[in-house]
There are 2 protein chains.
Amino acid sequence: MADSRCLAIDAMGGDFGPRITVPASLDILRQHPYLKVVLCGDQKHIQPFLNADKESFAGRLSVLHCEQSVAMDEKPGSALRNKRESSMWKAVALVKDGTAQACVSAGNTGALMAISLFQLGTLSGISRPAICTRVPTSRGYTYLLDLGANLECTSRQLYEFALMSSLAAISPSTNAPSVGLLNIGVEAIKGRQEILDAAELLQADPSINYIGFVEGDALFSGVADIVVCDGFSGNVALKTGEGVAKMIQGLLRQTLSESLLARLGALLMKPALKRLINQVDPAQYNGASLLGLRGVVVKSHGGASVEGFAKAVEVAVVEVEKDLPILIESRLADKSNQSEVFDEK
Amino acid sequence: MADSRCLAIDAMGGDFGPRITVPASLDILRQHPYLKVVLCGDQKHIQPFLNADKESFAGRLSVLHCEQSVAMDEKPGSALRNKRESSMWKAVALVKDGTAQACVSAGNTGALMAISLFQLGTLSGISRPAICTRVPTSRGYTYLLDLGANLECTSRQLYEFALMSSLAAISPSTNAPSVGLLNIGVEAIKGRQEILDAAELLQADPSINYIGFVEGDALFSGVADIVVCDGFSGNVALKTGEGVAKMIQGLLRQTLSESLLARLGALLMKPALKRLINQVDPAQYNGASLLGLRGVVVKSHGGASVEGFAKAVEVAVVEVEKDLPILIESRLADKSNQSEVFDEK
């Protein structure tokens, strides 16, 4: 990171709060010598996890004491009205006032989206923010969005999701990341009207590497770097995938303990099986981006480990390095100067 | 089966045609001594697979020669206009004229739905047919519908899907099968409006064992006997599940051959692993019901084996034994006499 950038961490968010968020933040400071971190939360809960470390990061680590925190099951509307002194609110506020360039929270998704949208607003040219995460595939990972911020989407929104994630994604090759639209068939005539229309918008934009429709099974085979869909379908696909993986893991565990032979076999295979489980573990891709806001906001899984939360912070670091919000806005400005393609649909 | 019932088999459907459909039909005749079967298709392609068996089922097995067949990639509209002499068309026609009580095809789904809908029509009180299949779960299986016949659904349609599948499902207990609505959260206030409205309709019907919203991950954990959703989401969930299972199987195979130790372990575990793979193999639940038509129509996977196709035929046999279309219609008639609950939404 060129100059000194700052991250605001909602230290109270998640199932475990400071016990996870503080050590993860210290790890990040160790790895990124130019980075600053502000831990937002209850001073007396944060302090025990800082120990002597605070001294060693002098000038790079500070605590912003907050009286409140947002509960994991709190309704977004209630958080918006009643939690203006919360660690989540204050972390986003630091992005709003320019003190921090990104905010990371393991708190409740709905509240984080509502508070971020309220304080930061959307980028010019973006209708609504979307939630984007990576899912493990047999070739590595695929970016999937939206995951639930928008239950129904227009063709224009789907187009915006593709554009934003194309800029956010780290492409494994030198080409622009490939984008597929989630559909129930790969034929051009099949699917909901907004998806057919979005396909036309994507085809008309040479800056997006659009590869056509993909089906649910393609999501985990890695045929596209990015898969775009409405938030309802994306949420169903993500959770279904997690459910099947959990079911197979459970059955596998049961199978491995079934007989003496199987138990012996399992013992021999342990290192190999462990690598397999790590490979499909969603935790290694922890960190969902709230794309389309006037600032970088990343949501960590609520149950993340120290290592997992640090992965989510890394997602924020990459987006800050890219100046992602500026990048998206300028790409959109170019587009609207170039053509009126957006107004067609 | 009490008296002599008859099944019409589209012998030409699927990736392999008579090579699969004829031996599977013969197996069914062996298992159900009161059942009759009409094989619809090209006489000269069917004959080689009949051999001496035809004699032994004298009076219970006949061949209806058809000049045409529907291609696996044929557009439904084209099949509807140009394939009235096809094995698929004729098999459905036998149900229409009362010669057969059910039709089973491994042919293309869109064409089968279009041809069935055109010839048989929908049951009184049903807006549109839905496609319903079973998916393997860690506890057994769950019925999932719709799988793609209806990309968008009203609350009334979702209610009808629940009602039809409740009657079609074989419940593992003496209770009515439990029904969940697929949603992106379990809270009553979350989700698309048609889903929230469908929940009210289901709650108001004491004949349906409605248990509330379920998320994608619950689909494969088996918390509900039946999961109801629109055809787009159902298709995404089904294919995503298949995709994850395939990815994990592939990675597992790779893992097991990685090292000498792992290979030895895999050898010891082979019987246990084989049982696991069978347990999650969707082929064991082959046979998707086209619910809501004036007749029983079951779709087999196109690539099904003899054993797999026979499973689809068994689904048809069960629905014929139940007189499922009559059962659905009379339940709906009772409802509309009892109350005006349907007109509220």
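Bear in mind the structure is a predicted one, so any value in this text is a computation, not a measurement.

Trainee: So what's going on with the nonpolar core? Residues and values would help.
Mentor: Ranked by size, the top nonpolar core spans 182 residues in total, and within it L181, V228 and I328 of chain A together with L181, V228 and I328 of chain B carry the most contacts. Contact partners of L181 of chain B, with chain neighbours within four places excluded, come to L158, I195, A198, A199, L202, Y210, G212, F213, V214 and V228 of chain B.

Trainee: If you had to explain the side chain of S105 of chain B to someone new, which residues and values would you point to?
Mentor: All names here are of chain B. Within the secondary structure, S105 is located in strand β4 (residues 102-105). Judged by its relative accessible area of 0%, S105 falls in the buried class. The contacts of S105, once residues within four sequence positions are left out, are D10, M88, L112, V298, K299, S300 and F309.

Trainee: I'd like to hear about the sheet that holds strand β6 (residues 140-145) of chain A, residue by residue, with values.
Mentor: All names here are of chain A. With respect to topology, 11 strands assemble into an open sheet ordered β3-β2-β1-β4-β11-β10-β5-β6-β9-β7-β8, the strand pairing being mixed. With one partner strand each, in any of the chains shown, β3 (61-65) and β8 (209-214) form the two edges of the open sheet. Neighbour-to-neighbour, the strand axes of the sheet open up by a mean angle of 25°, direction not taken into account.

Trainee: Lay out the relation of the copies chain A and chain B in plain terms, naming residues and giving numbers.
Mentor: These two copies of the chain differ by a rotation about an axis and a displacement along the same axis. Once chain A has been moved 0.0 Å along the axis and rotated by 180°, it coincides with chain B to within an RMSD of 0.1 Å. Read as a symmetry element, the transformation amounts to a two-fold axis. Closest approach to the rotation axis within chain A is made by the C-alpha atom of G265 of chain A, at a distance of 1.9 Å.

Trainee: Before we move on, can you summarise the interface of chain A and chain B with the specific residues and values?
Mentor: Across the contact, 51 residues belong to chain A and 51 residues belong to chain B. When chain A packs against chain B, the two sides together hide about 4,700 Å² of surface, and 74% of this comes from carbon and sulfur. For the chain A face of the interface with chain B, the top three residues by lost area are I184, R192 and F232 of chain A, together amounting to 16%. The salt bridge partner of R192 of chain B is D230 of chain A, with a shortest N-O separation of 3.0 Å. For the interface between chain A and chain B, the tally reads 8 residue pairs in polar contact (both at pLDDT 80 or more). Counting only elements with at least two residues in the side of chain A that touches chain B, the list comes to β5 (130-137), α9 (216-219), α10 (231-256) and α11 (260-279) of chain A. Looking at which element gives the most residues to the side of chain A that touches chain B, the answer is α10 of chain A, with 18 residues. Here the side of chain A that touches chain B is composed, by residue class, of 27 nonpolar, 14 polar and 10 charged.

Trainee: Give me unusual backbone geometry: which residues, what numbers.
Mentor: Residues and elements named next belong to chain A. Each neighbour pair has its own omega, and for L145 with D146 the value is -5°, a cis peptide bond. With respect to the helices, strands and loops of the structure, D146 is situated in the loop between β6 and α7 (155-168). The backbone of D323 sits at a positive phi, close to 55°, despite the residue not being glycine. Along the chain, the position of D323 falls in the loop between α12 (306-322) and α13 (324-338). Overall, D323 belongs to the partly exposed group, its relative accessible area being 35%.

Trainee: Describe the domain arrangement of chain A, and please don't skip the residues or the numbers.
Mentor: All names here are of chain A. The assigned domain composition of chain A is domain 1 (1-126 + 292-345) and domain 2 (128-283). Centre-to-centre, using C-alpha coordinates, domain 1 lies 24 Å away from domain 2. On the domain 2 side, the residues contacting the 22 residues of domain 1 number 23 residues. For the domain 1 and domain 2 pair, buried surface summed over both sides reaches about 2,000 Å², with 69% attributable to carbon and sulfur atoms. Seen at the junction of domain 1 and domain 2, the total is 0 salt bridges. The tally of links from domain 1 across to domain 2 stands at 5 residue pairs in polar contact (both at pLDDT 80 or more). Of all the elements in the fold, those that place two or more residues in the side of domain 1 that touches domain 2 are α6 (109-120), α12 and α13. In terms of residues, the side of domain 1 that touches domain 2 owes the most to one element, α13, which gives 6 residues.

Trainee: Explain the pairing of strand β7 (residues 178-182) of chain B residue by residue, including any values.
Mentor: All names here are of chain B. Most of β7 sits inside the fold, with 5 of its 5 residues counted as buried. Going residue by residue along β7, you find S178, G180 and L182 tucked away on one face and V179 and L181 tucked away on the opposite face as well. With 5 bridges connecting them, β7 and strand β8 (residues 209-214) associate as parallel partners. Bridge assignment links G180 to a residue of β8, and that residue is G212. In terms of handedness, the path from β7 via helix α8 (residues 193-203) over to β8 forms a crossover that is right-handed. In the sheet, β7 pairs with strand β9 (residues 226-228) via 3 bridges, with the strands oriented parallel. Counted as the bridge partner of V179 is I226 from β9.

Trainee: Provide a residue-level description of the state of the cysteines, including the pertinent values.
Mentor: Residue and element names in this part refer to chain A. Applying the stated criterion to the full structure yields 0 disulfides over all chains. With no disulfide of its own, C103 lies closest to C40 among cysteine sulfurs, the gap being 7.5 Å. Sulfur of C229: no disulfide; nearest cysteine sulfur belongs to C153 and is 8.1 Å away.

Trainee: Kindly report on the packing of α10 of chain A against helix α11 (residues 260-279) of chain B, identifying the contributing residues and their values.
Mentor: Viewed as axis vectors pointing N to C, α10 of chain A and α11 of chain B meet at an angle of 150°, and their least axial separation amounts to 9 Å. Relative to α11 of chain B, the element α10 of chain A lies roughly antiparallel. Crossing geometry of α10 of chain A relative to α11 of chain B is assigned as right-handed. Of α11 of chain B, the residues touching α10 of chain A (which contributes L251, L252, T255 and L256 of chain A) are M269, A272, L273, L276 and Q279 of chain B. Split into classes, the residues belonging to the contact of α10 of chain A with α11 of chain B amount to 7 nonpolar, 2 polar and no charged.

About the cut-offs
- Per chain, the residues get numbers from 1 upward, laid out in the order the sequence is written.
- Key to labels: chains lettered from A, ligands numbered from 1, both in the order written.
- Where totals are concerned, whole chains, interfaces and linings use all residues; where local detail is concerned, this predicted model gives features only for residues with pLDDT of at least 70, and gives and counts side-chain atom pairs only at 80 or more.
- To get the side-chain values, all heavy atoms of the structure are used, and hydrogens and water are removed first.
- By nonpolar core is meant a set of buried Ala, Val, Leu, Ile, Met, Phe, Trp, Tyr and Cys residues that side-chain atoms within 4.5 Å join together.
- Note on exposure labels: buried denotes an accessible area under 20% of the residue type's maximum, exposed denotes more than 50%, and partly exposed covers the range between, all computed with a 1.4 Å probe on protein chains only.
- Here a residue-residue contact requires only that any non-hydrogen atoms of the pair lie within 4.5 Å.
- Numbering goes from the N terminus for both helices and strands, where a helix is a DSSP run of H or I of at least four residues and a strand is a run of E of at least two.
- What makes two strands pair is DSSP finding at least two bridges between them.
- Axis geometry follows a simple rule: fit a line to the C-alpha atoms, using only the stretch in contact for helices, then measure angles between N-to-C directions, giving values from 0 to 180 degrees.
- Residues below a pLDDT of 70 in either copy are left out; the C-alpha atoms of the rest, at least 70 in both, set the least-squares superposition of the copies.
- Joining two parts hides part of their accessible area as seen by a 1.4 Å probe, and the buried area is that hidden amount summed over both.
- One side-chain nitrogen of Lys or Arg within 4 Å of one carboxyl oxygen of Asp or Glu is enough to make a salt bridge.
- Pairing of N or O atoms within 3.5 Å defines a polar contact, subject to two protein rules: one partner must be a possible hydrogen donor and the other a possible acceptor, and residues neighboring in sequence count only if both atoms are side-chain atoms.
- Classes in brief: Ala, Val, Leu, Ile, Met, Phe, Trp, Tyr, Cys and Pro nonpolar; Asp, Glu, Lys and Arg charged; the others, Gly included, polar.
- For the domain bounds, the source is a domain assignment made automatically or taken from a database.
- Handedness rule for crossovers: strands pointing away from the viewer, path from the first strand over the helix to the second running clockwise, crossover right-handed.
- Note on terminology: pairs of cysteine sulfur atoms within 2.5 Å are recorded as disulfides.
- Any angle between 65 and 115 degrees counts as roughly perpendicular, while under 35 counts as roughly parallel, over 145 as roughly antiparallel, and the rest as oblique.
- Handedness of a helix crossing follows the sense of rotation of the near helix relative to the far helix, less than a right angle counterclockwise being left-handed and clockwise being right-handed.

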